[in-house]
Amino acid sequence: MPACIKADVPLAPFTTLKVGGKARFLATVTSLVELQEAVQFAHETSLPLFVLGSGSNVLASDQGFAGLVLYVQLQGCEYTVTDTEVSVWVAAGENLDRVVADSVARGFWGLENLSHIPGTVGATPIQNVGAYGVEVADLITAVEVFDCLTHTVRQLSREECQFAYRDSLFKHLEGQHLIVVRVHFVLSVTPTPRLTYGDLQSLQNNPDITPQVIRDAVIAIRSKKFPDWHVIGTAGSFFKNPIIPIEQVVQLQKLYPELPVYPYSDTTSKVSLAYILDKVCGLKGFKQGNVGLFEAQALVLVAYTPATADEIDTFARLVAEKVYSITAISIEREVRMLG
Ligand code: NAP
């Protein structure tokens, strides 16, 4: 067995929800060679693979995972700066917020709205992570992947990644054999502030706007809304904001005129699930046993020790049922199941 692989590893410390049983094997991968060895081992032993970044969007089963978890710890950031543009290749295991902080400290524009999001850079293209009007798809021009079918490394263009709202090729069957190794972002040296979201609009008249000013504002907002995962078990937003047919929005708005609605496509709109959970379903702060919806932001599920994955799963189902029974909206989980 390759040296980077350990057997019977408890998963709870590897996820921010802090629950879950053991992985049959866990490979801590710090180089391409280790990645290749670990994938080869999984193939030879016919074990399923699960790629894990920093576990901030994962619910690990109490029964554990009868396969190989690839804990991607590839590190490195390579900047190329010209008069107008900044090109940066970032390894998948880098912490996103450290990369954001570094690019902001260098005065580069692009990543600042994505401040204070837990997780690794390798996870960002998977669900096209976004916040406050910026998605990584706006900044990514290529993604380098390890192909588990051919055991080779290759590059995908932005188009090939098929980015959509919190979605990409990597979440679908045809992309599931691809492991993100490095991500290429293009940032700007000239100001490109994105301040359209309500929480940031107060900065629109700030003549001294810099990436750092925006980062500081986003951190202040997020610190109020999201619990500190170092202290409480959480995976941030547990559910996605629903995208629903416009006719359904019109019906809902008759009952709830203040429901925040944002255009999405010609036939659909995005609605605020936080509002629905709080104002429509009265579920903000709703708690059962060791699991609840966070007082300051109902979209955030919190798990208090000694919560279990089963308890979290049951609670999330209950919330989804309540939302469906009141609004006829089927909400989807953003969090991925491990095991
Ligand atoms: P929020 O700011 O209360 O917004 C709730 C919903 O309204 C989101 O779907 C957001 O869209 C949408 N929205 C708000 N202002 C909008 C505008 N001016 N134009 C279009 N859509 C607008 O959300 P929150 O839950 O507190 O989260 C803050 C930010 O972090 C949001 O942008 C949220 O999406 C993001 N976030 C992202 C992830 C992830 O990428 N996995 C996880 C957690 C939170 P968007 O979803 O398009 O922003």
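Residues numbered from 1 in each chain as written. Predicted model: local features only at pLDDT ≥ 70, side-chain atom pairs only at ≥ 80, totals over all residues. Heavy atoms only, no water.

All told, the structure shown has eight aromatic pairs when counted by the stated rule. With a centroid separation of 4.9 Å and 85° between ring planes, the pair formed by Phe14 and Tyr71 is classed as edge-to-face. Within this pair, whereas Phe14 is found in the loop between β1 (5-10) and β2 (22-29), its partner Tyr71 is found in strand β5 (residues 65-72), the two being separated by 57 residues in sequence. Relative to Phe239, the ring of Phe238 lies with its centre 5.2 Å away and its plane at 70°, an arrangement referred to as edge-to-face. Neither Phe238 nor Phe239 differs from the other in exposure class; each is buried. (Phe/Tyr/Trp six-rings, centres within 6.5 Å; stacked < 30°, edge-to-face > 60°. Helix = DSSP H or I, 4+ residues; strand = E, 2+ residues; numbered from the N terminus. Buried < 20%, exposed > 50% of the residue type's maximum accessible area, 1.4 Å probe, protein only.)

A few words now on the environment of Arg215. Within the fold, Arg215 resides in helix α3 (residues 211-225). Along the chain, Arg215 and His116 lie 99 residues apart, while their C-alpha atoms are 8.3 Å from each other. Every residue in contact with Arg215, bar those within four places of it in the chain, is listed here: Asp97, Val100, Ala101, Val104, Glu112, Ser115 and His116. (Contact = heavy atoms within 4.5 Å.)

Excluding glycine, residues mostly have negative phi values, and the peptide bonds linking residues are mostly trans. In this structure, Pro306 follows Thr305 across a cis peptide bond, with omega equal to 5°. By secondary structure assignment, the location of Pro306 is in the loop between β19 (300-303) and α6 (309-327). Even without a glycine there, the phi angle at Lys18 is positive, about 60°. For Lys18, the location among the structural elements is in the loop between β1 and β2. Using a relative accessible area of 35% as the deciding quantity, one classes Lys18 as partly exposed. Look at Ala328: it is not a glycine, yet its phi comes out positive at around 65°. Residue Ala328 is classed as partly exposed on the basis of its relative accessible area, which comes to 45%.

Let us now look at the site of the ligand. In the vicinity of the ligand there are 18 residues, among which Gly130, Tyr165, Arg166, Lys225 and Lys270 approach most closely. One of the side-chain nitrogen or oxygen atoms of Arg166 is found 2.8 Å away from an oxygen atom of the ligand. A distance of 2.8 Å separates an oxygen atom of the ligand from a polar side-chain atom of Asn241. With the chains in place, 85% of the 810 Å² that the ligand exposes on its own is no longer accessible. (Near = heavy atom within 4 Å. Polar contact = N/O pair within 3.5 Å; in protein donor to acceptor, adjacent residues only side chain to side chain. Areas by Shrake-Rupley, 256 points an atom, 1.4 Å probe, with all protein chains shown as cover.)

What follows covers the pairing of strand β10 (residues 140-147). Extensive coverage of β10 is indicated by the burial of seven of its eight residues. Sheet topology places β10 next to strand β12 (residues 178-188); seven bridges connect them, and they run antiparallel. From the neighbouring strand, Ala142 faces β12, where its bridge partner is His184. Bridge analysis of β10 against strand β11 (residues 152-157) gives six bridges, and the strand direction is antiparallel. (Pairing = 2+ DSSP bridges.)

This brings us to helix α1 (residues 32-44). Helical geometry note: an α-helix holds 3.6 residues per turn, so side chains three or four residues apart project in the same direction. Compared with the 18 Å implied by 1.5 Å per residue over 13 residues, the 18 Å span of α1 between its first and last C-alpha is a close match. Restricting attention to buried positions, one finds in α1 the residues Leu35, Ala38, Val39, Phe41 and Ala42. One side of α1 holds all its buried residues, which, seen down the axis, span an arc of 155°. When the buried face of α1 is taken as reference, the exposed residues oriented beyond 90 degrees from it are Val33 and Glu44. (Expected span 1.5 Å × (residues − 1). Arc of directions from axis to C-beta.)

The next thing to look at is the side chain of Gln127. Assignment of secondary structure puts Gln127 in the loop between α2 (96-105) and β8 (130-131). Judged by relative accessible area, which is 11%, Gln127 ranks as buried. Gln127 has contacts with Asn57, Arg166, Asp167, Lys171 and Glu334, leaving out every residue within four places of it along the chain.

On to the side chain of Asp278. Relative to the helices and strands, Asp278 is located in helix α5 (residues 273-280). Not counting chain neighbours up to four residues away, the residues in contact with Asp278 comprise Leu283, Lys284 and Ala298.

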